Amino acid sequence: METILRRKEMAEIMLLPVRHHSPACSFQIKKAIESWKPSSILVEGPENANSLWEIMAHDETKAPFAIYYSYHDKAGKISKDKAYYKCYYPFLEYSPELTALREAARRGTEAAFIDLPYGDILAASREGSGLLKEEEKSSYNDDYLLSRNTYIERLCEKTGLRSFDEFWEKYFEINGLYEESDIWFANLLAYCGLARENTPPKSMEEDGCLEREAHMAAKIVQCAIYHGMKERKDERREEELMARINPYRILVITGGFHTPGIRERLTGGRWEETKRLLEHKTARIPKGEQNVYLMPYSMEAADALNGYASGMPFSGFYQKVWEGIEETEMLYEKAVLDMLVSVGKEVRKKEGYLSTYDEICAWQMAKGLGELRSKPQPGAYELRDAVLSSYVKGEYNIASAMPMLVLKKQMTGRGMGSLCPLADVPPILHDFETRCKSFGLKVRSTSEMEAVLSIFSSKKHRNESMFFHQMAFLDTPFARRVKGPNLQQGKDRNLIRETWKYKWRAEVPAALIDVSVHGATVEEAAASLVRERLKGDIGAGRAAVLLTQVFEMGLSGQLETVYDRVHELMALDVDFYSLAEAVKSLTMMEELKVLYGSSLDISQLLHDGVRKLIAILPSMAGIKEENLPSCMDAVKMLYQVTDKADSHMEQEKEAYFGALDKMCQDEGIHPGLYGCIHGILYGSGREAAEAVEIACLGFLMGTRGQLLQTAVFFRGLFYTAKDLIFIGGKILGMLDGFFGKVEENEFMELLPQLRMAFTYFTPGETDKIAKMVAGLHGKGREDILERKEILPEWYAYGRELDSYAKGHMHRA
């Protein structure tokens, strides 16, 4: 482990490269601290989290947890959008940075984060790069520069390994158990240097990488000057003091990609250049405008972030490795064997077919693959290959994937971290606890509790409902509605109570911290998130759904803003299904607004939406098969909306039926939609049953292609007028005649559509239809339920199944 000796500053600096979430790095860091005994430990991480490191290293703080950084760019310093920014810096039990901080706390050694503050990292990054990449979740410790470039691709190709992660495990994780620290870190530094040499400088600049490294180097210089010079009593006796006093030792732990860049800035003439940065460096974003908190995290969340190259994958597997790292050298073998057994046990419980012999085969496969690949022990990739080859029977597909799904779950892990009582929390958590207390919610219970709310007759219940809706909107796993009127789906409008299930979970504070950037209270965060969503690229349908959510959450201050946005989008939107979704949501709101005590007038908006839908309707005649259910829903909804006596939509109603007539004359109309329209015309009294029968005969008596479309026609017809099948018996007779005309292979092809057609009937109605069909053939209900003879092919298939089952029972 090479060091940089600064005689003038009386400081000795050691730079150690790491990969985030690496057990081997953590193991080697611990050994290095034990042997070198540093005076200060400096760790890569935004420096505005320096107040948290002692809490992170506290005995009662359990990983996984994350540092949560957030910044609201009110002044537009990052972007003219004045957006909300947030990122996560997750730590697992075996994260080398956490190991270093814990060792510092145990030894009473000074420690600090030395990277740019989060806001300055944003300012240093170009749009679409670094922490400004458009991702669902942004991770601070992004390893992609270390793991993705042409050099690494060639390296994996040369070594016969499938990915960088597999390469890393073979040469650094497993070898890290055997190699001396000096050799291991030298190899890692050599690899990082080559990865850096093959990365374009422009890419590093756009990611803010170079500016961050300059800042970290400056912080190291600052530490060396401050502490090293304290040892000097007299500059004239420098040589004598150097011989007598040990230099101040500074251990620096950074992501491997940054280490060569930082070293370059600390050696030769660049030390003085870096030193001058301290005199001129000013923060771009004031630290007071940024928030930083610790939050409990989960292994699942950490593993999901690793999908963005934010560290090593398989957090559950490497946790097992870490737990045994002090006990045995064969810990990878042990971890692989333990997982093979636990996966086998769970698959056997769920599927029932895995045997002990399968587990033995998988174990032998894993060890054999490890030897074949020249690995001292089998690792995560041998484990996956062994499960795939020994536990998955036959072809690997969705039906046989259970063992791999179970393995993935176990390799990811299920752990959830917790924070010590000293950890500060954002105001939104205090607001959550205050509101729970005011509603008398039993949030400390380990059982899921139920709240039945009379939302239209009790103000307290309405307020409680609003709180639950706000928590659900913020995507917290605290409460879920199981009954009650659903404005988004247009269901259960007759219900006057809401039933909620709620339970406090460790994920609840994590979720609230996650949205704390949007406000200091639950209501403020929900209102802020509503405004953010309105800025997004949404259609009239999504905006109208958002309006119903604002309505349910009781965010009266946002209603007018969202209403105006819906009105604007409805004028611009030409998507039929988006407009239909908007009209559906607005209709539900119009019906229930009196009960909710709202004075918002949405009638004009509803009229505008209906007119626009009707104008577009004729163009929907030739829809694609996959759009049939949505289109039939919209056509039926328009009928229901315009047919209401108090809707004042007489003109819209006539325009609607005019559009239906026009669609029926379209030769390219979808047969399912054609049936749906005839059902509506019949139900509205504008068409007699005989006219529907004639339309049906048009398919039965037409070409072969038209005949095969009969099933789809009935699907649409039964969706809007299923009672026709019980009237007069003609429709049923036509169906019976249709079945007699199609071949067996054609029938099998049409069967899905026929099943869809008959799903609209209740079990009692289906039974009645069966009785009527039996009557057409001179049979009773019992006659068609009994079969005296067994077809030969059925019998042969039964014997084959018996033989297959017996064979598997003997093997088990």
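Residues numbered from 1 in each chain as written. Predicted model: local features only at pLDDT ≥ 70, side-chain atom pairs only at ≥ 80, totals over all residues. Heavy atoms only, no water.

1. Let's talk about the overall build of the protein
For clarity, the threshold we go by: Secondary structure elements are taken from DSSP: a helix is a run of H or I of four residues or more, a strand is a run of E of two residues or more, and numbering for both begins at the N terminus. Note on exposure labels: buried denotes an accessible area under 20% of the residue type's maximum, exposed denotes more than 50%, and partly exposed covers the range between, all computed with a 1.4 Å probe on protein chains only. Two residues qualify as a contact provided that any one of their heavy atoms is within 4.5 Å of a heavy atom in the partner residue.
When its secondary structure is counted, the protein shows 38 helices and eleven strands. The principal-axis extents of the C-alpha atoms in the protein amount to approximately 115 × 70 × 50 Å. Every one of the 812 residues in the protein was classed for burial, and the buried ones make up 53%. When contacts within the protein are restricted to residue pairs at least 6 apart in sequence, long-range pairs at least 24 apart make up 75% of them.

2. What about the packing of aromatic side chains?
As a reminder, the rule being used: Think of it this way: a Phe, Tyr or Trp ring, Trp meaning its six-membered ring, pairs with another when their centres are within 6.5 Å, and the plane angle makes it stacked under 30 degrees, edge-to-face over 60, tilted otherwise.
Tallied over the full model, the rule gives 43 aromatic pairs. Note on Phe468 and Phe478: the rings are 6.2 Å apart at their centroids and 35° apart in plane angle, and the pair reads as tilted. One end of the pair, Phe468, is in helix H21 (residues 459–473); the other, Phe478, is in the loop between H21 and strand S10 (479–483), and ten residues separate them in sequence. The exposure classification of Phe468 matches that of Phe478, with both residues buried. Ring geometry for Phe726 versus Phe761: centroids 6.2 Å apart, planes at 90°, classification edge-to-face. On the criterion of sequence distance, the pair formed by Phe726 in the loop between helix H33 (710–721) and helix H34 (730–741) and Phe761 in the loop between helix H35 (744–758) and helix H36 (763–776) is long-range, its members being 35 residues apart. Classification of Phe761 by relative accessible area gives buried; the value is 7%. One aromatic cluster in this structure is built from Tyr151, Phe164, Phe167, Trp168, Tyr171, Phe172, Trp184, Phe185 and Tyr191.

3. A word on the sheet that holds strand S11 (residues 498–502)
Just so we agree on the cut-off: Strands are treated as partners if at least two bridges between them are detected by DSSP. Simply put, an axis is a line fit to the C-alpha atoms, just over the touching stretch for a helix, and the angle between two N-to-C directions goes from 0 to 180 degrees.
Strands sit in the order S9-S11-S10 across an open sheet of three strands; the sheet is antiparallel. Of all the strands in the sheet, the pair left with one neighbour each is strand S9 (449–453) and S10. With strand direction ignored, the average angle separating the axes of adjacent strands in the sheet is 30°. Packed on one face of the sheet, H21 meets S9, S10 and S11 and runs near 125° to S9.

4. Description of the confidence of the model for the protein
Here is the rule: In predicted models, pLDDT denotes the confidence assigned by the predictor to each residue on a 0 to 100 scale.
Per-residue confidence for the protein averages 87 on the pLDDT scale, and 94% of its residues sit at or above 70. Within the protein, helix H11 (residues 238–244) has the poorest average pLDDT of any element, 49, and helix H3 (residues 96–107) the best, 96.

5. Thoughts on a nonpolar patch on the surface
Note the cut-off: Here, patches come from residues exposed beyond 30% relative accessible area and free of salt bridges, joined within 9 Å for like charges and within 5 Å for nonpolar side chains (Val, Leu, Ile, Met, Phe, Trp, Tyr). Accessible surface area values rest on a Shrake-Rupley calculation with a 1.4 Å probe, where residue burial reflects the displayed protein chains alone. Salt bridges are identified by distance alone: a Lys or Arg side-chain nitrogen within 4 Å of an Asp or Glu carboxyl oxygen.
The grouping of Ile790, Trp794 and Tyr795 at the surface amounts to a nonpolar patch, some 390 Å² of accessible area in total. The class of Ile790 is exposed, set by a relative accessible area of 55%.

6. Digging into the state of the cysteines
Put simply, the rule reads: Count a disulfide wherever a pair of cysteine sulfur atoms falls within 2.5 Å.
Under the criterion given, the structure shown has zero disulfides. Free of any disulfide, Cys209 has its nearest cysteine sulfur in Cys192, 12 Å distant.

7. Points about the packing of helix H24 (residues 540–553) against helix H26 (residues 576–592)
Defined as follows: Any angle between 65 and 115 degrees counts as roughly perpendicular, while under 35 counts as roughly parallel, over 145 as roughly antiparallel, and the rest as oblique. Take the far helix as the reference: if the near one is turned anticlockwise from it by less than a right angle, the crossing is left-handed, and if turned clockwise, right-handed.
At a closest axis distance of 6 Å, the pairing of H24 and H26 adopts a crossing angle of 20°. Considering the angle they form, H24 stands roughly parallel to H26. The element H24 and its partner H26 pack so that their crossing is left-handed. Across the interface between the two elements, Ala540, Gly541, Arg542, Ala544, Val545, Leu547, Thr548 and Phe551 of H24 pack against Ser578, Leu579, Glu581, Ala582, Ser585, Leu586 and Met589 of H26.

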